[in-house]
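Secondary and tertiary structure notes
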Amino acid sequence: HQRPVQILQKAIETGRIYHAYLFTGMEGIGKRLVAVNMAKALNCPHQKGEACDECPSCQRMDRAIHPDLLQIAPTGETIKIEQIRELQRVIAFKPYEARWRVVIVDGAERMTREAANAFLKTLEEPPAGTTIILVATSAEGLPTTVLSRCQRVPFNPLNQGEVEEVLAHYLTAEEIHTLAPLAGGSPGRALRMDWQEVIKMRGMLPSALSPSLGERLHVARDVTRQEGGGTMLLEILEGWLRDLVVYQETGEERMLLNRDLADEIKRAAPRRRTEALLQDFWSLLRIQQGMEAHGNPQLSLESALLGTGGS
């Protein structure tokens, strides 16, 4: 996230800190981590514009025990007005010890209407020495009155190399090789996946793409018996179709997401026309969106597999 970090570093170095920021971008790409690092950089006594990560202030913020770093997140499905009122009570006083008190509202788009309206008062009259960072997947869920009082900082998905670099701190090389292509630019998403379940799902690809209609229907039934299984298999199928198109158009193995399936992709790619593969790919995306909008998982997956057999 070089561009967002540069913007924030310049603000800290010049002392032009906005009273409220809005960090937007897909879930699991590190927005909250950047927000914490900004809090550290604002208060680090040893470096200007960034954190040393070694002083007591930086370390306590890393451990979420610094009294001047306040974080709130949804309890259940939403951020409730009671949470906002408690936050307002605390920040009415001066920071305990830091130069800047930092408030991070993670999942800000999930504030209830009452919570957002109450929070608007804080944004209109922010306490001195306090900066607020709203973290959201998008700005669409927030009222325009809140948006108009924040400096927006967009975050883009990470590229494949960056995802692998982050995952290297948490996973084995074998796990990274399997999960990084499914991350969609979000290391957090990869870390939430069960590696063994993904391996199991990928093992179903031959059956999911079988010429046999009965075999494909059996896959749809078996996969949707486990929570989230249908969505995961659709994502694996999307990656497979994407790789077929990429290999057809470029012939370059290094551009494949599923590089460990390169031999199978090379054999399958010549059998289908690019236009047909792209049509299947967009159909899968529409079916996945329908499934996520509380559709019937088994019927959705059956529709998907009926359309992609033999890919």
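Data block above holds the structure.
Keep in mind that what you see is a predicted model, and the values were worked out from it rather than measured.

Some remarks on the packing of aromatic side chains
Tallying each qualifying case throughout the model produces three aromatic pairs. Centroid distance Tyr 18 to Tyr 21: 5.8 Å. Interplanar angle 80 degrees. Geometry classified as edge-to-face. Its relative accessible area of 43% is what places Tyr 18 among the partly exposed residues. Residues Phe 23 and Phe 155 carry aromatic rings whose centres are separated by 5.1 Å and whose planes lie at 50 degrees to one another, so their mutual orientation is tilted. On the criterion of sequence distance, the pair formed by Phe 23 in strand β1 (residues 20-24) and Phe 155 in the loop between β5 (151-154) and α7 (160-167) is long-range, its members being 132 residues apart. Of the two residues, Phe 23 and Phe 155, both sit in the buried class. Taken together, Tyr 18, Tyr 21, Phe 23 and Phe 155 form an aromatic cluster joined through their ring pairs.

Regarding the pattern of salt bridges
The full count for this structure, using the stated rule, is 10 salt bridges. One salt bridge in this structure joins Glu 97 and Arg 60, with 2.3 Å as the shortest N-O distance. Of this pair, Glu 97 sits in the loop between α4 (81-91) and β3 (101-106) while Arg 60 sits in helix α3 (residues 56-62), and the two are 37 residues apart along the sequence. Ionic pairing is found between Glu 275 and Arg 273, a salt bridge with its closest N-O pair at 3.5 Å. Overall, the relative accessible area of 57% leaves Arg 273 in the exposed class.

Comments concerning the pairing of β3
Taken residue by residue, a regular strand's side chains alternate between the two faces of the sheet. With five of six residues buried, β3 lies mostly within the body of the structure. Here strand β2 (residues 69-72) runs beside β3; their pairing, made up of four bridges, is parallel. Within the sheet, the bridge partner assigned to Gln 71 lies in β3 and is Ile 104. In this fold, the crossover linking β2 to β3 by way of α4 has right-handed handedness.

A word on unusual backbone geometry
Positive phi is not limited to glycine here, since Asp 53 has a value of about 70 degrees. Positioned with a positive phi, Ala 64 is a non-glycine residue whose angle comes to about 60 degrees.

Here's the deal with the environment of Pro 127
Within the secondary structure, Pro 127 is located in the loop between α5 (113-124) and β4 (130-136). A residue is classified by how much of its surface remains accessible, and Pro 127, at 22% relative accessible area, is partly exposed. In the structure, Pro 127 is positioned 34 residues away from Phe 93 in sequence and 8.2 Å away in space, judged by C-alpha atoms. Setting aside anything within four residues of it in sequence, one finds Pro 127 in contact with Ile 91 and Thr 122.

Details of the sheet that holds β4
Here we have five strands laid out as an open sheet, ordered β2-β3-β4-β1-β5, and parallel in their pairing. Two strands lie at the open edges of the sheet, namely β2 and β5, each paired on one side alone. Along the sheet, successive strands turn relative to each other by an average axial angle of 20 degrees, direction set aside. Taken together, the five bridges between β1 and β4 define a ladder with parallel strand orientation. In the sheet register, Phe 23 faces β4, and the bridge partner there is Val 135. The sheet contacts of α5 involve β1, β3 and β4, and relative to β4 the element is tilted by about 140 degrees.

What counts, and where the lines are drawn
- Starting afresh in each chain, residues are numbered from 1 along the sequence in its written order.
- Under the rules for a predicted model, residues below a pLDDT of 70 receive no local features and side-chain atom pairs below 80 are neither given nor counted, while totals for whole chains, interfaces and linings still include all residues.
- To get the side-chain values, take all heavy atoms of the structure and skip hydrogens and water.
- Between rings of Phe, Tyr and Trp, where Trp is taken as its six-membered ring, a pair exists when centres lie within 6.5 Å; planes separated by under 30 degrees are stacked, by over 60 edge-to-face, and by other angles tilted.
- Relative accessible area decides the class of each residue, using a 1.4 Å probe on protein chains only: under 20% of the type maximum gives buried, over 50% gives exposed, and in between gives partly exposed.
- The numbering of helices and of strands both runs from the N terminus, where a helix is a DSSP run of H or I of at least 4 residues and a strand a run of E of at least 2.
- We count a salt bridge whenever a side-chain nitrogen from Lys or Arg sits within 4 Å of a carboxyl oxygen from Asp or Glu.
- Two strands make a pair as long as DSSP finds a minimum of two bridges between them.
- With the strands pointing away from the viewer, any crossover whose connection runs clockwise from the first strand over the helix to the second is right-handed.
- We call two residues in contact when some of their heavy atoms are within 4.5 Å.
- Axes here mean lines fitted to C-alpha atoms, for a helix over just the part in contact, with angles spanning 0 to 180 degrees between N-to-C directions.

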